[in-house]
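A look at the structure
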Amino acid sequence: MKSKLWLGAAAVAAHFCVWQAFASDAPTRIAAAVTGESTVSGEPAGHVARGRYLVQVAGCNDCHTPGYAGQAGKVPEQDWLTGDALGWTGPWGTTYPINLRLFVADLTAGQWLTVTRNAVARPPMPWFNLHAMSDEDLLAIYHYVRALGPTGQPAPAYLPPGVAAATPVVRFPGIE
Ligand code: HEC
């Protein structure tokens with residue numbers, strides 16, 4: 001019951017957001033949302049701060065932010081979670097970490113929960129870690145990524161096994 005109420009409140013909050021209006025002002029919006037100084041983003045401040053923390057410690061940036069792991073996390077926050085054109089090739093084909101900034105822009109809070117609760121993505125996406133998170137944590141991540149705002153390009157599309165990638169790739173064992 002509690003989580004249903006929460007979800008309802010989150011959906012209402014999401015409904016009133018007009019992202020395009022804030023697209024060029026990401027750093028200010030992030031700072032305001034994280035400190036709770038302003039509700040300009042329309043997202044609940046406490047949840048945004050929690051989501052930022054979770055994104056950082058749960059490793060989402062490691063794959064979904066270009067250069068993040070290789071540069072010891074020294075990537076400006078406005079570029080976080082914009083997806084990567086570095087592919088991951090293995091017996092499953094080649095996958096690319098999606099642009100989560102664009103992904104959440106098209107989803108309500110309820111749709112995000114449905115996706116993250118049921119996702120069985122290809123490797124190396126640790127979808128099972130999303131399944132292990134509470135609804136509250138998944139929604140905090142949603143509000144944080146929404147507060148960052150939509151930006152960047154979609155990541156390259158998935159390639160089936162045997163199709164050569166036009167981008168650099170990390171190669172897993174199990175393929176020639
Ligand atoms: C080890 C690399 C890696 C990490 C860490 C990672 N992802 Fe991913 N993620 C990917 C890849 C690659 C894909 C694309 C998978 C595919 O094409 O099937 C993906 C896809 C997704 C999707 C789309 C799932 C779907 O069913 O469409 C979501 C949502 C997502 N990631 C969220 C997250 C979140 C939130 C975190 C942090 C908790 C995270 N990812 C951490 C690599 C990663």
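Scroll up to find the structure this text is about.
It should be emphasised that the depicted structure is a prediction, and the values quoted were computed from it without experimental measurement.

1. Topic: the overall build of the protein chain
A tally of helices and strands in the protein chain yields eight helices and three strands. From first element to last, N terminus to C terminus, the protein chain shows the α and β order α-α-α-α-β-β-α-α-α-α-β. The contacts of the protein chain with a sequence gap of at least 6 include a subset with a gap of at least 24, amounting to 68%.

2. Description of the nonpolar core
Of all hydrophobic cores here, the largest spans 20 residues; its most connected members are L81, I141, Y142, Y144, V145 and L148. Contributions of two or more residues to this core are made by helix 3 (45–57), helix 5 (100–105), helix 6 (109–118) and helix 8 (135–148). A per-element tally of this core places helix 8 first, with eight residues.

3. Here's the deal with the site of the ligand
Looking at the ligand, there are 24 residues lining it, with C60, C63, A119, R122 and M125 nearest. Those elements that provide at least two residues to the shell around the ligand are helix 4 (60–64), helix 6 and helix 7 (127–131). The dominant element in the shell around the ligand, judged by the number of residues it contributes, is helix 4, at four residues. Counted by class, the shell around the ligand contains 17 nonpolar, five polar and two charged residues.

4. So, the sheet that holds strand 2 (residues 93–95)
Strand order in this open sheet of three strands is 2-1-3, and the pairing throughout is mixed. With one partner strand each, in any of the chains shown, strand 2 and strand 3 (169–171) form the two edges of the open sheet. The mean inter-strand angle of the sheet, taken between neighbouring strand axes irrespective of direction, is 25°. Across three bridges, the pairing between strand 1 (residues 87–90) and strand 2 is antiparallel. Across the sheet, residue T89 finds its bridge partner in strand 2, namely T94.

5. What to know about unusual backbone geometry
Cis peptide bonds are those with omega within 30 degrees of zero, and the linkage from P123 to P124 qualifies with 0°. Here P124 shows up in the loop between helix 6 and helix 7. A positive phi is found at A72, a non-glycine position, where the angle reads about 50°. Within the fold, A72 resides in the loop between helix 4 and strand 1. Residue A72 is classed as exposed on the basis of its 7 C-beta neighbours within 10 Å. A positive phi angle, near 65°, is found at L81, a position not held by glycine. Counting through the fold element by element, L81 comes out in the loop between helix 4 and strand 1. Taking the number of C-beta atoms within 10 Å as the measure of exposure, L81 has 28 and is therefore buried.

6. Some points on the packing of helix 3 against helix 8
Running from N to C, helix 3 and helix 8 point in directions that differ by 100°, and their axes come no closer than 7 Å. For the element pair helix 3 / helix 8, the angle class is roughly perpendicular. Across from H47, V48, R50, G51, R52, L54 and V55 in helix 3, the residues of helix 8 making contact are D137, L139, A140, I141, H143, Y144 and A147. Here the residues of the contact of helix 3 with helix 8 sort into eight nonpolar, three polar and three charged.

7. Observations concerning the packing of helix 6 against helix 8
Running from amino to carboxyl end, helix 6 crosses helix 8 at an angle of 120°, the nearest separation of the two axes being 10 Å. Judged by the inter-axis angle, helix 6 sits oblique to helix 8. Both helix 6 and helix 8 take part in a crossing whose hand is right-handed. Contacts between helix 6 and helix 8 involve A109, W112, L113 and T116 on the former and, on the latter, D135, L138, L139 and Y142.

Rules used throughout
Residues numbered from 1 in each chain as written. Predicted model: local features only at pLDDT ≥ 70, side-chain atom pairs only at ≥ 80, totals over all residues. Helix = DSSP H or I, 4+ residues; strand = E, 2+ residues; numbered from the N terminus. Contact = placed C-beta atoms within 7 Å. Core = buried A, V, L, I, M, F, W, Y, C linked by C-beta atoms within 7 Å. Buried ≥ 20, exposed ≤ 12 C-beta atoms within 10 Å, placed from the backbone. Near = placed C-beta within 6 Å. Nonpolar A, V, L, I, M, F, W, Y, C, P; charged D, E, K, R; others polar. Pairing = 2+ DSSP bridges. Axes fitted to C-alpha atoms, helices over the stretch in contact; angles between N-to-C directions. Parallel < 35°, antiparallel > 145°, perpendicular 65-115°, else oblique. Left-handed = near helix turned anticlockwise from the far one by under 90°.

Keep in mind these values describe shape, not function.
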